[in-house]
Amino acid sequence: MEDTKWAFLDALSDDEIGDCFQRIKNLEELARGCYQSKIELSSDEFVQILFVDSMFILLLLIDDANSHSGMLSYVFDDLLMLQNQIPFFIVQEMWDAVFLEARDTNLATILQGTRFGGAGLSNSLVLGDTCHLLDLYCKWVLPIPARVSNCQGPNWFLLRMQSWFRSWFSQPQTQAADEGTNSSTQSATELYEAGVKFKFKPKKEFKNFLDISFENGILKIPTLTLNSSSMSRLANVLLHEITNAVSQEEFYVTSYVFFMDSLIRTKKDIMLLQKFGVLDNKLKSGDEAVDFIKSLRECIGTLPVDAVNKNFYAPMIQDMMKYTASSWHRNWASLKRTYFSNPWKGISVIAGSSLLILGFVQTYYSAYPYYHHHFN
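Quick caveat, the model's predicted, so the values are computed rather than measured. Within any chain, residue numbers begin from 1 and follow the written order of that chain's sequence. Only residues with pLDDT of 70 or above have their local features reported here, since the model is predicted, and side-chain atom pairs are shown and tallied only from 80 upward, although totals for entire chains, interfaces and linings are computed over all residues. Remark: hydrogens and water are excluded; side-chain values derive from all non-hydrogen atoms of the structure.

Colleague: Hey, could you run me through the state of the cysteines in this one?
Modeller: The disulfide criterion is simple: two cysteine sulfur atoms within 2.5 Å. Inspection of every chain in the model, using the stated rule, returns zero disulfides. The closest cysteine sulfur to the non-disulfide-bonded cysteine 34 is located on cysteine 131, 8.5 Å from its own sulfur. Cysteine 138 carries a free sulfur, and the closest cysteine sulfur to it, the one in cysteine 131, is 9.6 Å from it. Buried, partly exposed and exposed residues are distinguished by accessible area as a fraction of the type maximum, computed with a 1.4 Å probe on protein chains only: under 20%, between the cut-offs, and over 50%, respectively. Residue classification places cysteine 138 among the buried positions, given a relative accessible area of 1%.

Right under this line is the structure:
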């Protein structure tokens, strides 16, 4: 991969490379301040890494916007990994140094023509409030007005390992809140047995994968496809949200993971959600899908109280709990599963009921003349 990155730079002159290095050196202190841990690299080594990676990103974006050759698709998931991020202002600076004058356009316009250019991605949003490429991707898949990135000042780009997330979120005083969150929603199988129907949301009915709704006993969920690519993206979007949690109005993806974790507890839940098109499992087995959802939940650790209070799905979960608490819904669902689970059972029940009614009517009309004669 490193050889490929350097091959992209062959078209640059020595003067252009020297200018780029100097520009990054001018921003080096600010760039180092974006990482939590001290970077054990010399100035030249650090500047070289930022230069090569930022230029590689720009050339991939230009290629995707102009020719759509698929090169960006090949490394897209790698570019979104949290540990691979570089400050976006370095990418912007390299654009201004090499491409701005030659192409007579800004970076935001190029981004609009790539797979990063999702609906609602405005020029001001791209240039003025973006931490890195993963942050840009989150703005695409989560077009929520309240969402603001915490990109100001040093240490906004906090690259922490899973152990950090666990320790940061595992404060003793929040344990009760976590237990309450886990018990607030039943599994998919339990909901189904309580009378809840599952339907997948067609693309025309939702803006993003968080758009889950519950109405009149029907839980509608955008189809979640589980494969190596979608798993990587969901995990990194989740980690990015946790990193920026202090600046979030609500814990959107965190709430989504908790909700899906409550729905998916066993392979039986996986099979049920697959049956209704809510889940498209491309993994080897249902157990592997269950393990992935659990790994996301474990990555979060114990939610702080604020996160529970700001649960994105709290009103919907309350509606579901009220619905499933009704004995009528539960009994009616049980009746349908027992006697109308397939057409043949339904026909048999209807035929049997019809015969019973006809038998009762026949008995009535046979006995009626006798009783009418003797008692009148």
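There is more to say, and it comes next.
Colleague: In this structure, what is going on with the pairing of strand S3 (residues 218–222)? I would like to understand it.
Modeller: Along any regular strand, the residues point their side chains to alternate faces of the sheet. Any two strands are treated as partners once DSSP identifies two or more bridges connecting them. Counting from the N terminus, the helices are the DSSP runs of H or I reaching at least four residues and the strands are the DSSP runs of E reaching at least two. In this structure, strand S1 (residues 197–201) lies alongside S3, joined through five bridges in parallel fashion. Bridge assignment links phenylalanine 200 to a residue of S3, and that residue is isoleucine 221. With three bridges joining them, strand S2 (residues 213–215) and S3 adopt antiparallel strand pairing. Residue glutamate 215 lies in a different strand from S3, and its bridge partner there is isoleucine 218.

Colleague: Where do I start with the confidence of the model for the protein in this structure?
Modeller: As a general rule, the predicted coordinates of low-pLDDT regions are not to be interpreted in detail. The quantity known as pLDDT measures the predictor's confidence residue by residue, on a range of 0 to 100. Summary statistics for the protein give a mean pLDDT of 77 and a share of 68% for residues scoring 70 or more. Contact criterion: two residues are considered in contact whenever any of their non-hydrogen atoms come within 4.5 Å of each other. Between residues 152–183, whose pLDDT stays under 50, and residues either more than four places distant or in other chains, the model counts 68 contacts.

Colleague: What am I meant to see in the pattern of salt bridges here?
Modeller: Side chains that differ in charge, positive against negative, can pair when their charged atoms come close. Take a side-chain nitrogen of Lys or Arg and a carboxyl oxygen of Asp or Glu: if they are within 4 Å of each other, that pair is a salt bridge. The tally for this structure, following the rule as stated, stands at nine salt bridges. Note that arginine 32 and glutamate 28 form a salt bridge whose closest N and O atoms lie 2.9 Å from each other. Highlighted residues: arginine 32 and glutamate 28, both in helix H3 (residues 28–32), separated by four residues, approximately one helical turn. The shortest N-O distance in the salt bridge between lysine 220 and glutamate 205 comes to 4.0 Å. Linking lysine 220 in strand S3 with glutamate 205 in the loop between S1 and S2, this pair joins segments that are 15 residues apart in sequence. Among the residues examined, glutamate 205 registers a relative accessible area of 38% and is labelled partly exposed. Among the ionic contacts, a cluster of salt bridges with common partners joins Asp19, Arg23 and Glu93.

Colleague: Please explain the packing of aromatic side chains as it appears in this structure.
Modeller: The description of an aromatic ring pair rests on the distance of the ring centres and on the angle between the ring planes. Two aromatic rings from Phe, Tyr or Trp, using only the six-membered ring of Trp, form a pair when their centres are within 6.5 Å; if the ring planes differ by under 30 degrees the pair is stacked, by over 60 it is edge-to-face, and anything between is tilted. If you walk through the whole model with that rule in mind, you get eleven aromatic pairs. Aromatic side chains phenylalanine 209 and tyrosine 256 sit 4.9 Å apart centroid to centroid with 85° between the ring planes, which places their arrangement in the edge-to-face category. Of this pair, phenylalanine 209 sits in the loop between S1 and S2 while tyrosine 256 is found in helix H14 (residues 252–263), placing the two residues 47 residues apart along the sequence. A relative accessible area of 2% places tyrosine 256 in the buried class. For the ring pair phenylalanine 312 and tyrosine 313, a centre distance of 5.1 Å and an interplane angle of 65° mean the geometry is edge-to-face. Look at tyrosine 313 and you get buried, because its relative accessible area is 3%. Three or more aromatic residues joined by ring pairs make a cluster, and in this case those are Tyr252, Phe259, Phe312 and Tyr313. One Lys or Arg, arginine 32, reaches over the ring of phenylalanine 46 and ends 4.6 Å from the middle of that ring. Only Lys NZ and Arg CZ are tested; either one counts as a charge over a ring when it is within 6 Å of the ring centre and within 35 degrees of the ring normal.

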